[in-house]
Amino acid sequence: MVPSNPLRGPGYDSAAIEKVLADIPGPVLLVGHSYGGVVITNTHFAQRGRHGLRRRVRSRPREPAMAADMNAHQRSLAVVANLEPTQDPSWKALPTWAVIPVEDRVILPASERFMAERAGARITDVPGASHAVLVSRPGDVAGVIDRAASAL
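What you see is a predicted model, and the numbers here were worked out from it, not measured in a lab.

### As for the overall build of the protein
Line of reasoning, step 1. Counting its secondary structure elements, the protein contains six helices and two strands.
Line of reasoning, step 2. In the protein, the order of α-helices and β-strands from amino to carboxyl end is α-α-α-β-α-β-α-α.
Line of reasoning, step 3. Counting every position in the protein, which comprises 152 residues, the buried fraction comes to 28%.
Line of reasoning, step 4. Taking the contacts inside the protein whose residues are at least 6 apart along the sequence as the reference set, 68% of them involve residues at least 24 apart.
Line of reasoning, step 5. Summed over its atoms, the accessible surface of the protein is roughly 9,900 Å², and 55% of this surface lies on carbon and sulfur atoms.

This is the structure:
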């Protein structure tokens, strides 16, 4: 399930995600990318046991079609979303994993590493990966998700 992220700010967006999570029976593993990581950091919900995930990884994505689809679905982020400080991060109480795309040109990998280390995350560096690491290196991302699910 991929709930819609309203992109209005960490407080508003995490509350919206929590409402979706409340209706899901059984275990949940949150996965966020870029600003989505900020949102799930501010999301709190009761842990409900072990996890099972279904995933599909494309070994060779059709890049032009995928880029066009990503562009068509990209929405504007409210200015406050980049200014509002986070509150009571969930990583203080929950196990956390981080993927650092070494060739990220949107967020400096050193900044990503700082945030991941502060959160006590299990860090996976992905050499040659862009900011859209889930597109440029889907197998690596899926592997981290599998390890996270297995550890919970």
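### A closer look at the side chain of T43
Line of reasoning, step 1. Position of T43 among the secondary structure elements: in the loop between helix 2 (35–41) and helix 3 (63–73).
Line of reasoning, step 2. Separated by 2.8 Å, the side chain of T43 and the backbone oxygen of V39 make a polar contact.
Line of reasoning, step 3. The contact partners of T43, leaving out residues within four places of it in the chain, are S14, I17, E18, L21, L30 and S90.

### Focus: the pairing of strand 1 (residues 97–101)
Line of reasoning, step 1. Alignment of strand 1 against strand 2 (residues 122–126), held across five bridges, turns out to be parallel. Bridging across to strand 2, P101 finds its partner in V126.
Line of reasoning, step 2. Handedness of the β-α-β unit built from strand 1, helix 4 (residues 109–118) and strand 2 comes out right-handed.

### Some thoughts on helix 6 (residues 138–151)
Line of reasoning, step 1. When the terminal C-alpha atoms of helix 6 are compared, their 20 Å separation across 14 residues agrees well with the 20 Å that a helix rising 1.5 Å per residue should span.
Line of reasoning, step 2. Within helix 6, the full set of buried residues consists of P138, V141, A142, G143, V144, A148 and A149.

### What about the confidence of the model for the protein?
Low-confidence regions, as indicated by low pLDDT, have predicted coordinates that should not be scrutinised in detail.
Line of reasoning, step 1. On average, residues of the protein score 83 in pLDDT, and 84% of them are at 70 or above.
Line of reasoning, step 2. Per-residue pLDDT, averaged within each element of the protein, yields its smallest value for helix 3 (68) and its largest for strand 2 (97).
Line of reasoning, step 3. This model gives residues 47–58 a pLDDT under 50, and the stretch forms 26 contacts once residues within four places in sequence are excluded.

### Here's the deal with the nonpolar core
Line of reasoning, step 1. In this structure, L7, I17, L21, V28, Y35, V39 and A81 together form the largest nonpolar core, which totals seven residues.
Line of reasoning, step 2. If you list the elements that add at least two residues to this core, you get helix 1 (10–22) and helix 2.
Line of reasoning, step 3. Each residue touching I17, except ones within four places of it in the same chain, is listed here: P3, S4, V39 and T43.

### A few points about the side chain of D13
Line of reasoning, step 1. Counting through the fold element by element, D13 comes out in helix 1.
Line of reasoning, step 2. Although buried, D13 forms no salt bridge, and the nearest oppositely charged side chain, R8, lies 5.7 Å from it.
Line of reasoning, step 3. Filtering out sequence-adjacent residues up to four positions away, D13 remains in contact with N5, P6, L7, R8, Y35 and V39.

### Examining unusual backbone geometry
Line of reasoning, step 1. In this model, S34 sits at a positive phi of 55°, which is unusual for a non-glycine residue.
Line of reasoning, step 2. As for its position among the elements, S34 is in the loop between helix 1 and helix 2.
Line of reasoning, step 3. Look at S34 and you get partly exposed, because its relative accessible area is 33%.
Line of reasoning, step 4. Despite not being glycine, D88 shows a phi value in the positive range, around 45°.
Line of reasoning, step 5. Considering the arrangement of structural elements, one finds D88 in the loop between helix 3 and strand 1.

### Quick look at the pattern of salt bridges
Line of reasoning, step 1. Applying the stated rule across the entire model yields three salt bridges.
Line of reasoning, step 2. Here E103 ties to R105 by a salt bridge, and the two come within 3.3 Å at their closest N and O atoms.

Rules behind the numbers
Residues numbered from 1 in each chain as written. Predicted model: local features only at pLDDT ≥ 70, side-chain atom pairs only at ≥ 80, totals over all residues. Heavy atoms only, no water. Helix = DSSP H or I, 4+ residues; strand = E, 2+ residues; numbered from the N terminus. Buried < 20%, exposed > 50% of the residue type's maximum accessible area, 1.4 Å probe, protein only. Contact = heavy atoms within 4.5 Å. Areas by Shrake-Rupley, 256 points an atom, 1.4 Å probe, with all protein chains shown as cover. Polar contact = N/O pair within 3.5 Å; in protein donor to acceptor, adjacent residues only side chain to side chain. Pairing = 2+ DSSP bridges. Right-handed = clockwise from strand over helix to strand, strands pointing away. Expected span 1.5 Å × (residues − 1). pLDDT = per-residue confidence, 0-100. Core = buried A, V, L, I, M, F, W, Y, C linked by side-chain atoms within 4.5 Å. Lys, Arg positive; Asp, Glu negative; His and termini not counted. Salt bridge = Lys/Arg side-chain N within 4 Å of Asp/Glu carboxyl O.

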